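Here is how the chains run, residue by residue.
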Amino acid sequence: MGTAEKPRRITMTPGALRVLEAAARLFYEHGIHTVGVDLIAAEAGVTKKTLYDRFGAKEQIVVEYLADRDERWRAFLARCLDAAPPAPSARVLAVFDASRAWSEENSPKGCSMVNAHAEISDPSHPAYPIIIGQKQWMLALFTGFAEEITPDGAADLGRTLMLLHEGALVAHGLNIFPDPISHAREQAQTLLATTAAKH
């Protein structure tokens, strides 16, 4: 699987940061397509000229929004993994714990990347590589842990852990039953124990 190309980023000025903060809130709450630059500019307290001077187009605001979410998630997860026990199974479970904590604090309506993909499915969109890139990165993370547990079955185990994780994020956003991430963690724990028992 190839790595998604890195998108162009801009240097953030105080005005650009206000735009990004407003856009991030609006995009997550209302959807990317329904939020226009007029509303973003008004919420940020800047003129449309300032917005276009800083970002050039709405697409670039979307890029910055998703890239910022991705960077903050990866930093949050890194801190959680640093605090986790070194055993690969424990680190897998720490990913689920991190996702549960992150989702409760930052993502009541589900994963921002999954939500964005529902609106941005065109690979030519400049934000598309960020969405796909994060999920490729998560699969590689799970597969890396799986290689330490079962070298011969790492690909299958990594994919199964990824499916449990991503399914839990979607279920969290849909709010159909309580605490799906903890449920997925329990299933992952059972899977890891069964896999370890075979080796």
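Up top is the structure.
Residues numbered from 1 in each chain as written. Predicted model: local features only at pLDDT ≥ 70, side-chain atom pairs only at ≥ 80, totals over all residues. Heavy atoms only, no water.

## Quick word on the packing of aromatic side chains
- Under the definition given, this model contains 5 aromatic pairs.
- Both rings, one in Phe96 and one in Phe142, keep their centres 5.9 Å apart while their planes meet at 45°; by these two values the pair is tilted. Remark: Phe142 occurs in helix α7 (residues 128–149) and Phe96 occurs in helix α5 (residues 88–106); sequence separation between them is 46 residues. Each member of the pair, Phe96 as well as Phe142, is classed as buried.
- Cluster of aromatic residues (ring-pair linked, three or more members): Trp73, Phe76 and Trp102.
- Its guanidinium or amino end placed over the ring of Tyr28, Arg69 lies 4.9 Å from that ring's centre, counting from NZ or CZ.
- Above the plane of the ring of Trp137 lies Arg74, whose end atom (NZ or CZ) is 4.4 Å from the centre. (Phe/Tyr/Trp six-rings, centres within 6.5 Å; stacked < 30°, edge-to-face > 60°. Helix = DSSP H or I, 4+ residues; strand = E, 2+ residues; numbered from the N terminus. Buried < 20%, exposed > 50% of the residue type's maximum accessible area, 1.4 Å probe, protein only. Lys NZ or Arg CZ within 6 Å of the ring centre and 35° of its normal.)

## A closer look at the environment of Trp73
- By the secondary structure assignment, Trp73 is in helix α4 (residues 58–83).
- Classification of Trp73 by relative accessible area gives buried; the value is 6%.
- Remark: the alpha-carbon pair of Trp73 and Ile32, spanning 41 residues in sequence, is separated by 19 Å.
- Ignoring any residue separated from it by four or fewer positions in sequence, one finds Trp73 in contact with Val95, Ala98, Ser99, Trp102, Gln134, Trp137 and Met138. (Contact = heavy atoms within 4.5 Å.)

## Here's the deal with unusual backbone geometry
- For Asn175, which is not glycine, the phi torsion reads 55° and is therefore positive.
- Topologically, Asn175 is positioned in the loop between α8 (154–174) and α9 (180–197).
- Its identity as a non-glycine residue notwithstanding, Asp179 has a phi of 50°, on the positive side.
- Considering the arrangement of structural elements, one finds Asp179 in the loop between α8 and α9.
- For Asp179, a relative accessible area of 31% gives the class partly exposed.

## Topic: α5
- For α5, built from 19 residues, the straight-helix expectation of 27 Å at 1.5 Å per residue is met to within 8% by its first-to-last C-alpha distance of 26 Å.
- If you check which residues of α5 are buried, you get Pro88, Val92, Leu93, Ala94, Val95, Phe96, Ala98, Ser99, Trp102, Ser103 and Asn106.
- Tucked inside the fold, the buried residues of α5 contact α1 (14–30), α4, α7, α8 and α9. (Expected span 1.5 Å × (residues − 1).)

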